[in-house]
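Residue-level listing of the chains:
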Amino acid sequence: MAAMTPTAARTTPEAAAGAPVPAPRPGAFRARRRPRVWRGAVLALAGAYFLVPLLASFVFTVHVPGQGISFEAYTGLLAADGFTESLLLSLGLAAATIALSLVLAVPALVAVRIGSPRLRPVVEVMCMLPLVVPPIALVTGITTVLRWGPEHLSRTPLYQTFLAVQNESFPVVLVLAYTVLALPFVYRSLDAGLRAVDVPTLVEAARSCGASWPYVVLRVLLPNLRASLAGAAFLTLALVLGEFTIASLLGFQPFAVWIVSISGAQARMSVAVSVLSLLITWLLLLALSRAGTVPSTAAAAPATTSRKES
Amino acid sequence: MSATSTAPHPPGTAGGASRRRRRGPRTWLAALPLLAFTGLCFGIPLGAIAFGAVTRTDPATGATALTGEHLARSLQGPYLGSLVGSVQLSALTALIGGVLGVIIAQAVVTSGSAGLRGAALTASGVLANFGGVPLAFAFIATAGISGVVTQLADLGSLGWNLYSFTGLTVVYLYFLTPLMVLVIAPALDGLRPQWREAAQSSGATTGQFWRHVGLPVLAPSLLGGFVLLFGTAFAAHATAAALVGGSVPLVTLKIADALSGNVLTGQENVALALGLDMILIAGLVMAVYLPLQRRSARWLR
């Protein structure tokens, strides 16, 4: 799952940017009859395959056999046991993850641009490595490390830290794990944004006008990176809201784990929540591709694509 | 440790020459939190996996000894079966998803309609991200035992079973195919119409064009896409966990079982060894993928 999100992020703005450009495909194909039929059939079949599960899920949630149409699965959601808690927990985790990953990545990437180009490969590898480790493998390592707490460190002050990060009400350990998982996407998004602006020139210009360093970063650089910051935040939010593996194996109950836990007793509601979460993801990504059509990002899009591909 | 505190390590008001020299080491500091974080929160668990996979701690004496036992066990019996099952499922879904993705992308790209293209790529972006638990439940509602389509089309009497290898393949294709569309569409754009015109005016048939021009140019992208799909399917856990539980042997499900203590104690190290196996396979996948992507990028400019 991890590997796919960046592709989407990268290509969506690219698609948006590519759309206004007249397609470079002349009538050579269009002139022929058969490809057109073939194309229509392919698109229709693909459309059916991708739409049927969505429509069927919706029908499943509103149609109770023998009772007709009922929207109970949706209306009963707010009152459902654990819904609010798990959703709030997921949103809180998402906010913390977004904040932590941006706070870590933005200074590092800006620094690499301005003054330490030699660090660049190191930072890139560090940010990309989590792609190689599937979440399920990462969680085996995390449980092992967490077990060290009671086994070896119970008499040291570190033990308190181990307990604190596993606090039921706000498991910091999940934030740390999610930040690791999110780093590749945050890196790609930010790197694409930084590529679009001439950072050294901007910094030199601002500095020679007498701007202080905090001013340069907050008022000059970050506004230029708005679209890619938003992109990174959206991707991280989608990742955290849908994450199941790590949370369930560490024994916490954010949103995705909650959906599974109610599926036995309230199948209809679990499907309803799934449909809703798809809609939310959809809206987020649409917003993301809108953000990508801001002129400055659109200009940068081709570079983003070819580069990130490598 | 915010952007404000780390990024600005002002070179002060020193003159130009000294500023130049000082900027290097100071900006380096801003990258330090990131490196420290990944070292701590990523490096330590990774080290724990590698260490636990190759050592054994005697519960009586507490002595730790190097052993290949766990890795050997992770490549035997049911564990080997689960690894093979995962590889088979990933290879099959990557192959089918890759072929379908190329066909759909070609249909979209050659349609010449910017609107269709934009819509298809945006939809692909959404669907490629629609994995995990929600997807599993959408399919249970659609094609599960009491699913809408199952009942309408009476799939049950046709031998359809969602909670099987075939069912899992159909579900995986739901997010792998759009992923392939996303990956391959830029490559298909890179097939310039001039090349086809040149081939046609030299008297080449469509088949010859594809065999001698199209496929060789696309080959790195196709392979790269296949490998990416394989890696994605291989690492997927949530969808399978919510859908089939344990009825299909997959390495991710086996690791989860071993971790949550559903099996005998002392399996943690085998889980670590399986995790190491997965990392090695995923690392291999990335090692193939990155050079291929670099190669294909040459044509996409």
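Given the structure is predicted, the values throughout are model-derived calculations rather than measurements.

Participant: Residues and numbers for the packing of helix α6 (residues 132-143) of chain B against helix α8 (residues 165-190) of chain B, please.
Facilitator: Residues and elements named next belong to chain B. One can describe the packing of α6 onto α8 by two numbers: an axis separation of 11 Å at closest approach and a directional angle of 130°. Relative to α8, the element α6 lies oblique. Here the hand of the crossing between α6 and α8 comes out right-handed. For the pair formed by α6 and α8, the contact residues are Leu135, Ala136 and Phe139 on the first element and Val171, Tyr174 and Phe175 on the second. In terms of residue class, the contact of α6 with α8 is built from six nonpolar, no polar and no charged.

Participant: Report on helix α4 (residues 77-110) of chain B, specifying residues and quantitative values.
Facilitator: For α4(B), spanning 34 residues, the distance from its first C-alpha to its last is 49 Å, which sits close to the expected 50 Å at 1.5 Å a residue. B:Gly112 sits one or two positions beyond α4(B) and adopts a positive phi of about 75°.

Participant: So what's going on with the domain arrangement of chain B? Residues and values would help.
Facilitator: All names here are of chain B. Its domain assignment divides chain B into domain 1 (3-67) and domain 2 (70-300). Taken together, the seven residues of domain 1 in the interface contact seven residues of domain 2. Among the elements that line the side of domain 1 that touches domain 2, the one with the most residues is helix α2 (residues 16-54), at five residues. Grouping the constituent residues of the side of domain 1 that touches domain 2 by class yields four nonpolar, two polar and one charged.

Participant: How would you summarise the packing of α4(B) against helix α10 (residues 206-235) of chain B if you had to cite specific residues and measurements?
Facilitator: Any two packed helices are characterised by how steeply their axes cross, that is the angle between the axes, and by the distance between the axes. All names here are of chain B. Across the interface, α4 lies against α10 with an axial gap of 8 Å and an inter-helix angle of 135°. By the angle class used here, α4 and α10 are oblique. The two elements α4 and α10 cross, and the hand of that crossing is right-handed. Contact residues: α4 offers Ser86, Leu89, Ser90, Ala91, Thr93, Ala94, Leu95, Gly97, Gly98, Gly101 and Val102, while α10 offers Leu222, Gly225, Phe226, Leu229, Phe230, Ala233 and Phe234.

Participant: Any details on the confidence of the model for chain B? Residues and values, ideally.
Facilitator: Residue and element names in this part refer to chain B. Mean pLDDT over chain B works out to 80, with 85% of the residues at or above the 70 mark. Looking at the elements of chain B, mean pLDDT is at its lowest for helix α1 (residues 3-6), recorded as 42, and at its highest for α4, recorded as 90. A low-confidence stretch, residues 1-25 stays under pLDDT 50, and its non-local contacts, those more than four residues away or across chains, total 35 contacts. Scored by ipTM, the complex comes to 0.77, with pTM at 0.79.

What counts as what
Residues numbered from 1 in each chain as written. Chains lettered and ligands numbered in written order. Predicted model: local features only at pLDDT ≥ 70, side-chain atom pairs only at ≥ 80, totals over all residues. Axes fitted to C-alpha atoms, helices over the stretch in contact; angles between N-to-C directions. Helix = DSSP H or I, 4+ residues; strand = E, 2+ residues; numbered from the N terminus. Parallel < 35°, antiparallel > 145°, perpendicular 65-115°, else oblique. Left-handed = near helix turned anticlockwise from the far one by under 90°. Contact = placed C-beta atoms within 7 Å. Nonpolar A, V, L, I, M, F, W, Y, C, P; charged D, E, K, R; others polar. Expected span 1.5 Å × (residues − 1). Domains from an automatic or database assignment. pLDDT = per-residue confidence, 0-100.

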